[in-house]
Every structure is written in structure tokens, then in C-alpha cells.
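# Close look at the chain arrangement
Listed below are the residues making up each chain.
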Amino acid sequence: MSAGLHELSAKQALAGLRAGKFSSVELTRAYLERIEQHNPRLNAYLHVAAESALQAAAAADKQYAKAKRSKSAKLPALLGLPIAVKDVLAVAGMPATCGSRILENFVPSYTATSVQRLLDAGVVILGKTNTDEFAMGSSTENSAYGVTHNPWDETRVPGGSSGGSAAAVAARLAPVALGTDTGGSVRQPAAFCGLSGLKTTYGRVSRYGLVAFGSSLDTVGVLARDAADAGLILKVMGGYDPRDATTVEKTPKLEKPSGKSLKGLRIGVPKEYFIDGLSAEVENGVREAIRQLEALGAKAVPVSLPHTEYALPVYYIIAPAEASANLARFDGVRYGLRVAQDDLIEMFKRSRGAGFGPEVKRRIMIGSYALSAGYYDAYYGQAQKVRALIRRDFDNVFKKVDIIAAPSTPSTAFRIGAHGNDPLEMYLEDVFTLPANLAGVPGLCVCAGFDGQSLPIGLQMLGPHFADERLLAVAAAYQKVTDWHKQAPAL
Ligand code: GLN
């Protein structure tokens, strides 16, 4: 009965498990077989946890059987559902390389809160997915363990940094996967791989056990086939965590559309997101999706987020500054790689020199410079001030509209190596995703069609703080009347 199980969405798979149509072991096996078949080419997973996954699946099946015997309906929400986890999130007993040589042999002894909540709800972890080193990048080309290939066109990148998770879900090597988004790393790979990718509101999901990159920007998110699946995961993994002081104790409940109609929903279309450099095909796809939302009853109005153009320079000061501080802990003593030397300072230097790749070193240098005495006010201090203006832009616009609709990326998936020699070109990939992180607001990317080369186009929706569910509800309404999200790449 395992034929075709990988075609089920997470929601469908859970319904099948509950109805006893197949077992979690069968479902998990189906995914492990696909991983075995396709991962050597795609390189979506860095670590496949076949044995522990099958054990967890068998335990889930026992629980289902027991519940059936005792006729008790109370079962954990995600019992027996396989998932993949980005390799920057700690799972006890599994490697957490963060795509870096410096953590090549690091196996954490603890589990990230987001992942633990999913485990408590019964998920089966298939393995850890590829990422740009320490989540710095937009293509997974910065991974020390090789690039991930986009399942829609294997000569192209899947986006990044959560490219391994995106490729895994798109290629049906997992029903859903966790990613992280510091500047776009869930939404951009979702766009490139035709998925629904949710960047949660900052403070909604615990960062405990997420290896820190830019602590004021980092968020845990989901890569899923549709909005309903992303919602399932968010519901379980979100919420207050005493181990992360930035999580909120009570998530405010914002109004959201129910069912098919979007009547009364006001959508802001920011002119700063439709600029030179945006591909005509992406623009057309996004505008068509907005028309579709209007056909469902929403009203689209032009809005302006005047400080958008500063998001890129501001992000590329703040994120490296925070990264330079966060990455100081990788010193050859506490974790991973050590290049033994008689002299301590020499050991630090050589270990970091050998362990970090070029992009990480570049960011540590930029960040240390921006934070150094004499430059702090001019760079970091100034960037923080402009960040406040970017956030205020959103606050102002969300007084007038319920959500914002815009492109996720300037283009569809680019070729592997296309930005190889120019880091600035790569940074430009993030123009449309960075502002949400600087403001802390939630963002959801959904597939809104395909370009002339059959590559997915992403529509990005943004909402005010804690409007995560509102975005998911709008996307669910859109996905009721469109079927872009149902397309799968032919492998
Ligand atoms: N591409 C952006 C960067 O390189 C964002 C990465 C992320 O969201 N983790 O920093």
C-alpha cells in the first residue's frame, strides 16, 4: 500500500493514519525509499535518520493500535507524520552541522523547543536538511557539503538558506519541513520550489536550540505543500517558551477570513516592490494572483513603504554584526573542529580559519568592523535607526490594510553558479524578503504559477505582527480556487 503515499499532503497523511488506511511505518518507508532514490542527486538531506525514524514510526503505530482497542479518541496531533528538519536546529543525538565544517562532528545533546513540541505531538524525523553555512546565503551554494539541486530543474538552485528543506518537500522526500528565516530563507526557497513557506512573526516560535545567526531577526518557519499543512505545524510548534525570552506569553488573536470568501479583506500592493529588476514574468504572476484574491472578494489598494530601499544595506549591517557576536563561540574549544596548536590564540585562529567558509568569514569581518569602537555609531547605530523607520512603514500601512501582497523574489530560480563570483549580486536576491525580518512581521510565500521555463513563481503576503493565521487563511482561500500548489516536479 506504499505506492503513492508520498503524494499525500501532511493533512491527508494524518487523516489516512487515523483512519487506519496505512501505517506510519509504511508512510515513513515510502519517504525513506524516495530519499534513497533521489537524494544522491538532489542533496536535500545531509543526514538521513532511517533507523530512528522507523522506530518512531513503529511506536506511533502502536499508539494508534492502542487507541483503537481502548476506543479513546485522544491522540497526539501529528502522530506518525514524517518531517524533515533544517540542519541549524538541534535534535538530540543527530548531527547539527549548520552546513559548516566547523560543526562537522557536532551532535547536540538537546533538542530545539520547536522540534521538541513536534516530537511531543508524535512526528517522525526523517533527517536533517542542507543549508547555506550558518544560514548565510540564498542558494545553498554556501553549504560546506555541496549545493542542493532544485527538483524543478536540477541545474538550478532551490534557493536558500533553507534550500534542503524546500527541495525535500518539493521533491516529495518529506511531507513538510522546518526551515528558518532571518532575511528570507523560508520564503525565497519556497518561491523557487513552488511551496507554501511561512516565516513566523518574530517571538511566535521559540529560537531555543536554533543555532543563532542574527538573533533579532531569526525565526523558525515551515516549508509545506499548502497553507493548511503549514498551519498544522505552526499550531503545534508555536507559543511561549521560558527558554526564549523573546517569545510572547499570549499570542494576540487577530481577525482572519474564514472559508472561501475574502470579502472585506484589504490588500496593500506596495509600489516599492514592483521595481526595475523585477522579472516581467514574476510581476505578471503576482499581479494575476492579486486579481484572483480580488475575485474572492478582497480589495487591492496601492500603498507605499517608503524606506524599503534601505532594507538591504540595513540588513547587511545588522545581520553580520549579530552574526559576528554569535559565531564567536565557535573557537575550537566548545564545539566541533579543532586544529590543535601549542598556543591558544593560534588554536582559535587556525580552527576558525579551517572551519568557516568564505561567506561566513566575510560576514564576521563586516560585522566586527561595524561594531568596532569609532564605527559603531556610524554603521550599527545608524542601521538600527533606519530599521525603526522600516518598521514604522509597516505599522502605518497596516492601519489601512489587512495584508500586503508582493513578489517574493526578483526572479525565478537561477542557475547554480550564476552569482558565484559576486556576493552583492547574491544579496540582491533578498530585496523583497528582508524588510519583514527587520520589522518582525510574518510572511507567507505561496506558489502563484510558473514562468516560461516551468519554474515556480512566488507570491509573498505580509501581515502585521501575529497575523500568521490570517496569512494562512488568505492562502487557504486562494488554494481552494487554484491548483498551482498541487503541481509536483517530474523527477
Ligand atoms: N539570504 C539572506 C542572507 O544571506 C537571508 C538568510 C536567512 O534568512 N537565513 O543573510
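Since we're looking at a predicted model, the values are computed, not measured.

Tallied over the full model, the rule gives 17 aromatic pairs. Note on Tyr273 and Phe432: the rings are 5.5 Å apart at their centroids and 25° apart in plane angle, and the pair reads as stacked. Taken together, the positions of Tyr273 in the loop between strand 7 (266-270) and helix 8 (280-295) and Phe432 in the loop between helix 13 (423-428) and helix 14 (434-439) put the pair 159 residues apart, joining distant regions of the chain. Note on Phe432: relative accessible area 2%, which makes it buried. Ring pairs connect the aromatic residues Phe106, Phe134, Phe330, Tyr335 and Phe356, which therefore count as one cluster. The side chain of Arg243 reaches across the aromatic face of Tyr208, ending 4.7 Å from its centre. Over the ring of Phe274 we find Arg287; its NZ or CZ atom is 4.1 Å from the centre of that ring.

Looking at the ligand, there are 15 residues lining it, with Ala135, Gly183, Ser185, Tyr315 and Arg363 nearest. Between the ligand and the protein, one listed contact pairs a nitrogen atom with a side-chain N or O atom of Ser161 at 3.4 Å. Interatomic distance of 2.7 Å between a side-chain N/O atom of Ser185 and an oxygen atom of the ligand. Within the complex, 100% of the 290 Å² of free accessible area of the ligand lies under protein. By residue class, the composition of the shell around the ligand is five nonpolar, seven polar and three charged.

Here we take up the environment of Ala191. Within the secondary structure layout, Ala191 lies in helix 6 (residues 187-193). Residue classification places Ala191 among the buried residues on the basis of a relative accessible area of 1%. For the pair Ala191 and Arg29, spaced 162 residues apart in the sequence, the C-alpha separation amounts to 28 Å.

This paragraph deals with a nonpolar patch on the surface. Where nonpolar side chains cluster on the molecular surface, the patch consists of Tyr369, Tyr375 and Tyr379 and spans about 290 Å² of accessible area. Relative to the helices and strands, Tyr369 is located in helix 11 (residues 358-371). Residue class for Tyr369 comes out partly exposed when judged on its relative accessible area of 40%.

With an omega dihedral of 5°, the bond running from Gly160 to Ser161 counts as a cis peptide bond. Structurally, Ser161 can be placed in the loop between strand 3 (124-129) and helix 5 (163-170). Look at Phe134: it is not a glycine, yet its phi comes out positive at around 50°. Tracing the sequence through the fold places Phe134 in the loop between strand 3 and helix 5. Residue Arg172 is not a glycine yet carries a positive backbone phi of 60°. Tracing the backbone shows Arg172 in the loop between helix 5 and strand 4 (176-180).

Of all five residues in strand 2 (residues 82-86), five are buried, a share of seventy percent or more. Alternating residues of strand 2 divide into Pro82, Ala84 and Lys86 and Ile83 and Val85, and every residue in both groups is buried. Summarising the sheet, strand 2 and strand 3 pair through five bridges and their orientation is parallel. The partner of Val85 across the bridge, within strand 3, is Lys128. Where the polypeptide runs from strand 2 across helix 4 (residues 113-120) and back to strand 3, its parallel neighbour, the crossover connection is right-handed. Judged from the two bridges that link them, strand 2 and strand 4 form a sheet pairing that is parallel. The residue of strand 4 that forms the bridge with Val85 is Leu178.

Rules used throughout
- Residues numbered from 1 in each chain as written.
- Predicted model: local features only at pLDDT ≥ 70, side-chain atom pairs only at ≥ 80, totals over all residues.
- Heavy atoms only, no water.
- Phe/Tyr/Trp six-rings, centres within 6.5 Å; stacked < 30°, edge-to-face > 60°.
- Helix = DSSP H or I, 4+ residues; strand = E, 2+ residues; numbered from the N terminus.
- Buried < 20%, exposed > 50% of the residue type's maximum accessible area, 1.4 Å probe, protein only.
- Lys NZ or Arg CZ within 6 Å of the ring centre and 35° of its normal.
- Near = heavy atom within 4 Å.
- Polar contact = N/O pair within 3.5 Å; in protein donor to acceptor, adjacent residues only side chain to side chain.
- Areas by Shrake-Rupley, 256 points an atom, 1.4 Å probe, with all protein chains shown as cover.
- Nonpolar A, V, L, I, M, F, W, Y, C, P; charged D, E, K, R; others polar.
- Patch = residues over 30% accessible without salt bridge, like charges linked within 9 Å, V, L, I, M, F, W, Y side chains within 5 Å.
- Salt bridge = Lys/Arg side-chain N within 4 Å of Asp/Glu carboxyl O.
- Pairing = 2+ DSSP bridges.
- Right-handed = clockwise from strand over helix to strand, strands pointing away.

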